[in-house]
Amino acid sequence: MQRRGRTKTPPRRGLVPLTAVAGGLLAVLIGLVFLVLVLAIQDARHSLLSARSGRPALDQIGVVQETVLDMEGGQRGYVITRQDEFLKPWRAARAAFPARARKLVDVSTSPAQRRLAEQIQQAGQSFIHDYAIPLVDEARRGDPDAISTARTLEGKQRLDALRGQFTRYLHDERIAINRRENALESRMDMLTLAASVGVGVAALLIVGYGAYVTRVIVWPVRRMAGTATRLAAGDLSARVPPSGRKEIGQLETAFNTMAGSLEKSHRRLRLLYDAGTAVGSTLDVRRTADDLVRVAVPRFADFVTVDLEESVLHGGEPTSAEKALRRVAGGGVRDDSPLDPVGALIAVSAPPGSAPDALPDAALVLDLRAAEAGAVPDAQKMDRLIEYGMNSLITAPLSVQGVLMGVIVFWRTRDSAPFEADDLSDAEELAAKSARAIDNARRYTRERETALALQRSLLPHGLPVCPTLDFAYRYLPTGTRAGVGGDWLDVIPLSGTRVALVVGDVVGHGIQASATMGRLRTAVRTLADVDLPPDELLTHLDDLVLHLDDGAGEQAGEVGSTCLYVVHDPISRRCALASAGHPLPFVITPQGAVEPAPGQAGPPLGLGGLPFETTELDLAPGSTLALFSNGLVHSRDLDLSHGLDRLRHALARNGDSLEATCDRVVDALRTGERADDVALLLARTHALPGDQVATWEVPADPEHVARARALTTVQLGAWQLDELSFTTELVVSELVTNAIRYGGSPIRLRLIRDTTMLITEVSDGSSTAPHLRRARVFDEGGRGLLLVAQLTQRWGTRQTSAGKTIWCEQSLPDTP
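This structure is a prediction, so every number in the text was calculated from the model and none was measured.

Participant: Describe the side chain of Gln-113, naming the residues involved and giving the relevant values.
Facilitator: Relative to the elements of secondary structure, Gln-113 occurs in helix H4 (residues 111-141). Those residues within four positions of Gln-113 in sequence are excluded, and the remaining contacts are Ser-108, Tyr-169, Asp-172 and Glu-173.

Participant: Lay out the sheet that holds strand E16 (residues 678-685) in plain terms, naming residues and giving numbers.
Facilitator: Strand order in the open sheet made by the five strands is E7-E16-E15-E12-E13, with antiparallel pairing throughout. Two strands close off the open sheet at either side, each with one partner strand: strand E7 (469-476) and strand E13 (594-596). Strand-to-strand, the axes of this sheet are offset by a mean angle of 20°, without reference to chain direction. Relative to strand E15 (residues 624-628), strand E12 (residues 586-588) runs antiparallel, the two sharing three bridges. Residue pairing across strands places Phe-586 opposite Ala-626, the latter belonging to E15. Of the strands in this sheet, E12, E13, E15 and E16 touch helix H14 (residues 640-651), which is tilted by about 20° from E12. Relative to the sheet, helix H15 (residues 658-669) contacts E7, E15 and E16, its axis offset from that of E7 by approximately 30°.

Participant: So what's going on with the nonpolar core? Residues and values would help.
Facilitator: One finds Phe-300, Val-304, Val-306, Leu-308, Leu-398, Ile-408 and Phe-410 to be the most contacted residues of the largest nonpolar core, which totals 36 residues. Ranked by residue count, the leading element in this core is helix H10 (residues 421-458), at seven residues. Apart from residues lying up to four places away in sequence, Phe-410 is in contact with Ala-296, Phe-300, Ala-301, Phe-303, Val-304, Ser-392, Leu-393, Ile-394, Phe-419, Ala-427 and Leu-430. The next biggest cluster of nonpolar side chains, apart from the first, holds 33 residues, and it includes Val-68, Val-79, Ala-117 and Tyr-131.

Participant: Hey, could you go over the pairing of strand E5 (residues 390-400) for me, with residue numbers and the actual values?
Facilitator: Counting buried positions over the 11 residues of E5 gives 10, a clear majority of the element. Bridge count for strand E4 (residues 363-365) against E5 is three bridges, and the pairing is antiparallel. For Ala-363, the partnering residue across the bridge sits in E5 and is Thr-395. Direction of pairing for E5 relative to strand E6 (residues 403-413): antiparallel, over a ladder of 10 bridges. Residue Ser-392 lies in a different strand from E6, and its bridge partner there is Arg-412. Here E5 hands over to E6 after two residues, with Gln-401 in that stretch at a positive phi of 55°.

Participant: Describe empty space enclosed by the protein, naming the residues involved and giving the relevant values.
Facilitator: Within the structure shown, the criterion is met by one cavity of 30 Å³ or more. When its volume is computed, the largest cavity comes out at roughly 50 Å³. If you trace the largest cavity, you find it lined by Pro-493, Leu-494, Ser-495, Ala-528, Asp-529, Asp-531, Arg-794 and Trp-807. Split by residue class, the lining of the largest cavity holds four nonpolar, one polar and three charged.

Participant: Hey, could you go over the sheet that holds strand E1 (residues 303-308) for me, with residue numbers and the actual values?
Facilitator: In space, the six strands of this open sheet follow the order E3-E2-E1-E6-E5-E4, with antiparallel pairing throughout. The open sheet terminates on both sides in strands that have one partner only, identified here as strand E3 (345-347) and E4. Strand-to-strand twist in this sheet, taken as the mean axis angle between neighbours without regard to direction, amounts to 25°. Across the sheet, helix H7 (residues 285-296) touches E1, strand E2 (324-332) and E6, and the angle it forms with E2 is around 40°.

Participant: Can you lay out the packing of aromatic side chains for me, pointing to particular residues and giving the numbers?
Facilitator: Given two aromatic rings, one states the distance between the centres and the angle between the planes to describe the pair. Overall, the coordinates contain five aromatic pairs when judged by the stated rule. Between Phe-127 and Tyr-131 the ring centres are 5.4 Å apart and the planes differ by 35°, which places this aromatic pair in the tilted class. Linking Phe-127 with Tyr-131, this pair stays in helix H4, spanning four residues, or about one helical turn. The class of Phe-127 is buried, set by a relative accessible area of 1%. The class for Tyr-131 is buried, based on a relative accessible area of 5%. Pairwise contacts between aromatic rings join Phe-300, Phe-410 and Phe-419 into one cluster. The aromatic ring of Phe-300 is capped on one face by Arg-412, whose charged end is 5.7 Å from the ring centroid.

Participant: I'd like a description of the packing of H14 against H15, backed by residues and values.
Facilitator: Relative orientation of the contacting elements H14 and H15 amounts to 145°, with a least axis distance of 9 Å. Of the two elements, H14 crosses H15, and the hand of that crossing is right-handed. In this structure, H14 contributes Gly-643, Arg-646, Leu-647, Ala-650 and Leu-651 to the contact, and H15 contributes Thr-661, Arg-664, Val-665, Ala-668 and Leu-669. For the contact of H14 with H15, the per-class residue count stands at six nonpolar, two polar and two charged.

Participant: Tell me about unusual backbone geometry, and please be specific about residues and values.
Facilitator: Negative phi characterises most residues that are not glycine, and trans characterises most peptide bonds. The omega torsion across Val-297 and Pro-298 is 0°, close enough to zero to call that bond cis. Within the secondary structure, Pro-298 sits in the loop between H7 and E1. Here the bond from Ser-745 into Pro-746 is cis, since omega is -5°, no more than 30 degrees from zero. Although it is not a glycine, Arg-573 adopts a positive phi angle of roughly 60°. Assignment of secondary structure puts Arg-573 in the loop between strand E10 (562-569) and strand E11 (574-580). Even without a glycine there, the phi angle at Gln-720 is positive, about 60°. Turning to its location among the elements, Gln-720 is positioned in the loop between helix H16 (705-718) and helix H17 (725-742). Residue class for Gln-720 comes out exposed when judged on its relative accessible area of 68%.

Scoring rules and cut-offs
- Residues numbered from 1 in each chain as written.
- Predicted model: local features only at pLDDT ≥ 70, side-chain atom pairs only at ≥ 80, totals over all residues.
- Heavy atoms only, no water.
- Helix = DSSP H or I, 4+ residues; strand = E, 2+ residues; numbered from the N terminus.
- Contact = heavy atoms within 4.5 Å.
- Pairing = 2+ DSSP bridges.
- Axes fitted to C-alpha atoms, helices over the stretch in contact; angles between N-to-C directions.
- Core = buried A, V, L, I, M, F, W, Y, C linked by side-chain atoms within 4.5 Å.
- Buried < 20%, exposed > 50% of the residue type's maximum accessible area, 1.4 Å probe, protein only.
- 1 Å grid on protein atoms, 1.4 Å probe; cavity = no way out; pocket = protein on both sides within 12 Å on 5 of 7 lines; lining within 4 Å.
- Points joined across faces, edges and corners; volume = space filled by probe spheres on them.
- Nonpolar A, V, L, I, M, F, W, Y, C, P; charged D, E, K, R; others polar.
- Phe/Tyr/Trp six-rings, centres within 6.5 Å; stacked < 30°, edge-to-face > 60°.
- Lys NZ or Arg CZ within 6 Å of the ring centre and 35° of its normal.
- Left-handed = near helix turned anticlockwise from the far one by under 90°.

Spelled out as structure tokens, the structure:
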């Protein structure tokens, strides 16, 4: 009965009053201890100040003594030598003595010392006025009594008396200081003892109070903190063992209740968070589906399958009209799943009771045995699924903006608890996150395929055949999510068997960069047909970039696009190049040495108003030019200078074919995922033999037109091109006649025969360009260029440093 009564008594007072009372008592006791310490410290402070007060008196007695000695030495020196320079210290000491003696009286620490200081002050004043001043005056007058023995003994007696007073003052003051220091040391010993006792008592009180607080509050709180740490680390089963101590017990109970209620929601939030960070990290449809499977198994489901429309895999728009979906991802806790494998076609069936065109909702099947056939995917395998152990499932649609892209199915076996109604919202959230990620990947795939298609249509499908150059090239679009870039390369045949090599890079990625690249490439080809020098071509291209827009007034050519334009002449064996912010090419000599091309890269395109510079260099036959884009030698992981060194070493091997060299360079420099497009163009030069070029100077006289025709006929006969004699004579006659009539000296005729063309060139010293026009019936002229254009395959004009050159081409007889 007694125990039962005790159990029914109300609990003792809580921790707050007990802690407050204990804290108040501790504060009072510690306050008393520190009050005693403060009083002891104050007493010690007064003793210390008293001990320190004697030090100024000792210092000041020394100052007064030195003053008297300085005064006595000055007057003695003057009396003996009669030199005024001894009076300076004497006067200074005499003037300073009253104040210093007065200060000595003020700093004296006892009445006896003060009386002695006053005696020293009076004796000093008497020495000055009764002895020193009269003695100096006598010495000034030349009185022999000033250096008499009597006067000297008098001064000595006065000084000895002062010294005695100084000695007695110092002795008494040192005794007083020692006495005060001994008293201070005794008080400090007492203070140390009192402080030790006080600190010890305070420490005991603090330790006792700390032990009480630790036992009653800290240890339970620490247990709860440890449990909270385990919960934060993912151990959702962690709980605080109840101690039953008043408020702490209530807190522990509330903590355990909260931990239990948060266990399920924490697991759900963690699943959704992992899905948000893992699903959609790549812009690939299949990898996105695989990421979803990895996140959901086994935390949410035992097996997961993802089925999508075929068009979604290729970036197309979903139609919701397909009757079969492609399984793109699947996985589970076991490898012997009875579900259809990845890659299989899965028949689509609408859930029972749903509208034909309505977007299906997520559906929960609690028991697979009681489910209707239309509610279960792979219904034809129902018996096999049940036999395998499939217990429940959730089917969630993958849809974006009301359009169905596919279906995701979560399965649980009998080894796990069946799905509940709360799991349906988790499945819908997972499906929504996955649908957005898959749609982003689909759009990226479509945009990338579109950009690649546009880029392929704009890039050359094959380089032209040039008898004087051998080519090999590689173009690799970037593999990053930024999209393809705007790199391009081109080979453009020019007049006179010359060839232009072009490599460019448009800043940016995607369709806009590809479109801008195509416009720049077309512009370069158009300007190349005009046969402009490299620097002038880049100047016109720079102006074009400044005015390039997309039809909406916005600039499409981004500032920073680059271009390298190189022109090779196989007859003069010279190469002219100019760069607009693009890396200069490497030159591989026939001996295999790799050297950077001389010159300076100009500003990038789009800045405007800045000049470009043409650099000319001689190339020996068999030399190779290596043109490349910035993506080959520079990336986030590859410094530009280091990339150029690696390219130089990769090009250094001599004797390989150009194709093998391209493969070796690309393999050596682009080992990882490409962050930018890569363009590489190798061109091996050949010189046109001298017997395939004939050049004559033609005087500016119409009589020499016939001679030009005759020379042409002879040369064509030597080349066994008699079939072209008539046409070529007529062309030469018209061009030379126009040069003599409308041009200026010097006039030069040149015939060039390569493997496919016969080229006729007439140069003169005039820079006026000819114009093709149609002559009227009764016009006497105006038919020359029209005749040339009709008789030849191609004609044109180009400006030179000395004037202009008009050229035309004819196909050789054996060339189709």
